[in-house]
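# Overview (structure and organization)
Each chain is listed here by its residues.
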Amino acid sequence: MTAIPTSDRPFSPLLRALREEGLARLAPKVPRVSLGMASCGLAAGARETWDALRAALAGRDTVACLVPTGCLGWCQKEPLVEVRLPGSPALVFGRVTAEAADQVAAWLAGGELPRAHLLGQYPAADRSDGQTQPTTPDPRFPAGEIPLIWDLPFYRGQLRWVTRNCGFVNPADLAEYVARGGYLALEKALARGPEWVVEQVTRAGLRGRGGAGFPTGAKWQAARRAPGEQKYVIANADEGDPGAYMDRGLLEGDPFSVIEGMTIGALAVGHCHEGFVYVRAEYPLAVERLETAIAEARKAGLLGENVLGSGFAFEVHVVRGAGAFVCGEETALLASIEGRPGEPRPRPPFPSEKGLWGRPTVINNVETWANVPLILMSGAQLYASVGSEGSKGTKVFSLVGDVSNTGLVEVPMGATLRHMVEVNGGGLSRGTRIKAVQTGGPSGGFLPASLLDLPVDYESLTGAGTIMGSGGLVVMGERTCMVDVARYFLSFTRAESCGKCVPCREGTHRMLQILERICAGGGRPDDVGLLEEWAWAVKDGSLCGLGQTAPNPVLSLLRYFGDELEQHVRDRFCPAGVCRELFRFGIVPETCTGCGACLRACPRGAIGGEPRQPHIIDQARCTLCGVCRDACPFEAIVVEPRSPADEGVNRNE
Amino acid sequence: MSASTSVRGISPPHPEEEEAIAAEAAAIARSLRDRPGAVTAVLETVQQRWHHLPVAAMRAVARELGIPLSRVYGVATFYAAFSLSPRGRHMVQVCLGTACYVRGGTKLAEALEEHLRTPMGQPSADFCFHLEGVRCLGCCSLAPVVRVDGRTFGRVRPQDIPRLLASVLARTGSLQGGDGT
Ligand SMILES: Cc1cc2nc3c(=O)[nH]c(=O)nc-3n(C[C@H](O)[C@H](O)[C@H](O)COP(=O)(O)O)c2cc1C
Ligand code: SF4
Ligand code: SF4
Ligand code: FES
């Protein structure tokens, strides 16, 4: 865990004052209790925790600052509470439900430490910006060994640069952001000028985090050179890829870094006084936090007519999407902001030449923008020293699916999948064998377990037949059927295709039909060949990235999971136990102990048997819901091919 | 992604009602006409007001913004957030994104359809609830996820549904905002 060097001090009196204010708030003289209240925290019950904490602290007359923050990344452990006692390192507690909140408050009032919820401690310097050295430790700070949070498997090997403030600062508090080095980059940019900024971003080797990995410096240079008296910058916060949520994490946890990045970008491009953040409709809290941050920045003079007293004018507007995946595509996004249906148009002309309302426009992903202050703050050289040959810096991944520790992990480019899945993710949450990791969302593909040692960067993923995309990593265990997931992605792209080009509209429909037929047990011998033919036709014939990448799940199914596909088509068998027409559950008499767990769990009363005797499933009653398989502690319930006698059963539950 | 046009158990509004809707929608359009991409913003506000886009309102919006009705329709039918037919009062959104799919989102969706006795994308018979599948609510780490009236619930099991919906009904009134802080 390398901290980001923030040794510089702000130069302007405004920032110096904000910094002092922020430092005082980050390390107050009373305990600072912060609670992760991003969307994920709230979904895990953080609102109840907040109410309970407040009541419990008040009830015990304990003086403390209660602060809402974003997400620290380890969503599996949410609600997450961080307690910083004056002069001591901060402690992190996990799964702090309302009840546990009371225990935390009781501890602060002099009671016992809720050890069961304690995850670890931060290194003192890491969390205080190196400014406030521990003085007299607080007597409440527990004695004995407490692991450093960065040594826990979930954080091991992570390099939290872009997410450095997430879960730590109050996202509505500009002073806290400045205390962490915020707006130092803008100050530098204003002092050294646009050419220097573009050069730094170029030398840092920053590539777009929205999917394609286009060099950001080159994009900015093109927009800078394009003729025009009015230009725009846009943050793409559409994050349409299901299973990926790092942009939401950044917007809810550290919105100022995105705003600062855009301000710097506007300065670099020149003639740019307006920026837009296009946020998807499903992220109301991100919109709210962003609007608060924009208002705060404007109030302080960091946005508006005269940014930091430099005479440079810049405004940011938030535009809400209305629920269309294709709007993440840059030309569709432009159409959508202009108030039209979000249909892509051919490029060139690229947005950097002809963008919003025909004017030069830079569109970057949220995470890309958030990298910009970091680069100027740490210097292009240090930034470029992290990562792999062609991919510099870090990447935030959302690690989800059948994995024990779900959350946002930020690692240097080039970290291996295995590290993320097995160390950070802590392995599988159900089942025993990793079958695949899916990257890049509907535009990406599956990687089989045999490729887990692949270093993750743009080139190696492309080489393996998938893409980085925005950074979703969906881990799939043996209870996931790859044919079914491919079908799922095709139903997604078919529904989201804007319908403008025939190959995309028709092809996704045809591929979906074939996959549906196969999953329903009607696979034909030539289906595999047909799938491949359609896949290439759609890939080659579509106008925009949606159509060009829609066949990727199919292609990687063919490439890596051909056996499973064959089993579906030829043997009419789904080994994962997902496609309901293609399997049945059976109980292995030798493994079954007759414990009765399945019998009690089955909602249909389909399981019979005497205690301590092998149980039996009544196939006529079974709906294949799988509840018994999850309930059996001995893995005695297995997926079997159907016998002819099963035909006609289970079809109409 | 086109909005469903089937209307269940709803009679068309009376002419006076239509006039009132048109007047109010026109006022909304006027107040937002200077915003960038005004059409979408206007339709969003209209939808918030009536929980769908009444035809009279769309006509008024087109007139007020000085654009053809076909363009308003184009936008209204392109985006998933817009509905041309009335929706139930409480929005029940079940995530059908990849992470939720892998962790049993489909079974949750089936359980909701069964519990509310209504197919996906439709209001319940009494218009109390509206069931909708969405493409990821950004809480993938807590999959499977359900959002009811803007409040998001993670790690939901099918057996939790009755309790969850009952708790929402019990809190009616305090539910209008998002799940914000
Ligand atoms: C169908 C489709 C959906 C996309 N969705 C997103 C998205 O949700 N977020 C995003 O940043 N980029 C998305 N992109 C990529 C954008 O078109 C564009 O390349 C990107 O925003 C550029 O920013 P970057 O250079 O910082 O990556 C999508 C592309 C396609 C073809
Ligand atoms: S490829 Fe598909 S989504 Fe893209 S423009 Fe063509 S039809 Fe629309
Ligand atoms: S799959 Fe479901 S219905 Fe069938 S035996 Fe198991 S629990 Fe019962
Ligand atoms: S996939 Fe369900 S919340 Fe993201």
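Residues numbered from 1 in each chain as written. Chains lettered and ligands numbered in written order. Predicted model: local features only at pLDDT ≥ 70, side-chain atom pairs only at ≥ 80, totals over all residues. Heavy atoms only, no water.

### A look at the overall build of chain A
- Tallying secondary structure elements over chain A gives 25 helices and 18 strands in all.
- Its C-alpha atoms put chain A at 80 × 65 × 40 Å along the principal axes.
- When burial is assessed residue by residue, chain A has 62% of its 653 residues classed as buried.
- Counted over contacts in chain A with a minimum sequence separation of 6, partners at least 24 positions apart contribute 73%.
- A total of about 23000 Å² of accessible surface is found on chain A, and carbon and sulfur atoms cover 52% of it.
- In chain A, which carries 66 positive and 73 negative side-chain charges, the distance between the mean positions of the two groups comes to 1 Å. (Helix = DSSP H or I, 4+ residues; strand = E, 2+ residues; numbered from the N terminus. Buried < 20%, exposed > 50% of the residue type's maximum accessible area, 1.4 Å probe, protein only. Contact = heavy atoms within 4.5 Å. Areas by Shrake-Rupley, 256 points an atom, 1.4 Å probe, with all protein chains shown as cover. Lys, Arg positive; Asp, Glu negative; His and termini not counted. Charge placed at Lys NZ, Arg CZ, Asp CG, Glu CD.)

### Side note on helix H7 (residues 161-170) of chain B
Residues and elements named next belong to chain B.
- By the burial criterion, the buried members of H7 are Ile161, Leu164, Leu165 and Val168. Viewed end-on, H7 has its buried residues packed into an arc of 90 degrees, placing them on one side of the element. Turned more than 90 degrees off the buried face of H7, the exposed positions are Arg163 and Ala170.
- Each element contacted by the buried residues of H7 is listed here: strand E1 (90-95), helix H6 (105-116), strand E3 (129-134), strand E4 (146-148) and strand E5 (151-153). (Arc of directions from axis to C-beta.)

### Describing the side chain of aspartate 527 of chain A
All names here are of chain A.
- Along the polypeptide, aspartate 527 turns up in helix H20 (residues 527-541).
- Polar side-chain contacts of aspartate 527 include one of 2.5 Å to the side chain of arginine 517.
- Ignoring anything within four residues of it in the chain, the contact list for aspartate 527 reads Ile514, Arg517, Ile518 and Gly522. (Polar contact = N/O pair within 3.5 Å; in protein donor to acceptor, adjacent residues only side chain to side chain.)

### Focus: empty space enclosed by the protein
Residue and element names in this part refer to chain A.
- Counted by the stated rule, this structure contains 6 cavities of 30 Å³ or more.
- Considering only enclosed or pocket space, the largest cavity measures out at about 90 Å³ in volume.
- Every residue lining the largest cavity is counted, 14 residues in all, and those nearest its centre are Cys602, Ala606, Cys622, Cys625 and Cys628.
- Split by residue class, the lining of the largest cavity holds 11 nonpolar, 2 polar and 1 charged. (1 Å grid on protein atoms, 1.4 Å probe; cavity = no way out; pocket = protein on both sides within 12 Å on 5 of 7 lines; lining within 4 Å. Points joined across faces, edges and corners; volume = space filled by probe spheres on them. Nonpolar A, V, L, I, M, F, W, Y, C, P; charged D, E, K, R; others polar.)

### Description of a nonpolar patch on the surface
- A contiguous nonpolar surface patch, about 210 Å² in accessible area, is contributed by Val55, Leu69 and Tyr73 of chain B.
- Position of tyrosine 73 of chain B relative to the elements: it lies in helix H4 (residues 69-78). (Patch = residues over 30% accessible without salt bridge, like charges linked within 9 Å, V, L, I, M, F, W, Y side chains within 5 Å. Salt bridge = Lys/Arg side-chain N within 4 Å of Asp/Glu carboxyl O.)

### Notes on the site of ligand 1
Residues and elements named next belong to chain A.
- Surrounding ligand 1, one finds 18 residues, the nearest of these being Gly210, Lys219, Asn364, Asn365 and Thr368.
- In this structure, an oxygen atom belonging to ligand 1 sits 3.0 Å away from a main-chain N or O atom of glycine 240.
- Expressed as a share of its isolated accessible area of 610 Å², the protein-covered part of ligand 1 is 88%.
- Looking at the shell around ligand 1, the elements that each hand over two or more residues are strand E9 (361-365) and helix H21 (545-549).
- With 3 residues, the single largest contributor to the shell around ligand 1 is E9. (Near = heavy atom within 4 Å.)

### Quick notes on the site of ligand 2
- For ligand 2, the set of nearby residues contains 13 residues, the closest of which are Cys498, Lys500, Cys501, Cys504 and Cys544 of chain A.
- Classifying every residue of the shell around ligand 2 gives 8 nonpolar, 4 polar and 1 charged.

### Overview of the interface of chain A and chain B
- Residue-level contacts link 66 residues of chain A with 41 residues of chain B.
- Of all residues in chain A, the largest losses of buried area upon contact with chain B belong to Ala43, Ala322 and Tyr488 of chain A, amounting jointly to 14% of the total for that side.
- Our count for the chain A to chain B interface comes out at 2 salt bridges.
- Measuring nitrogen to oxygen at the nearest pair gives 3.4 Å for the salt bridge that ties glutamate 496 of chain A to arginine 135 of chain B.
- Taken together, chain A and chain B are joined by 23 residue pairs in polar contact (both at pLDDT 80 or more).
- Those elements giving two or more residues to the side of chain A that touches chain B turn out to be helix H2 (39-43), helix H3 (46-59), strand E7 (272-279), helix H12 (284-300), helix H13 (330-337), strand E10 (394-401), strand E14 (472-477) and helix H18 (482-496) of chain A.
- Per-element accounting of the side of chain A that touches chain B gives the leading share, 9 residues, to H18 of chain A.
- For the side of chain A that touches chain B, the residue count by class is 33 nonpolar, 14 polar and 19 charged. (Buried area = accessible area lost by both parts, 1.4 Å probe.)

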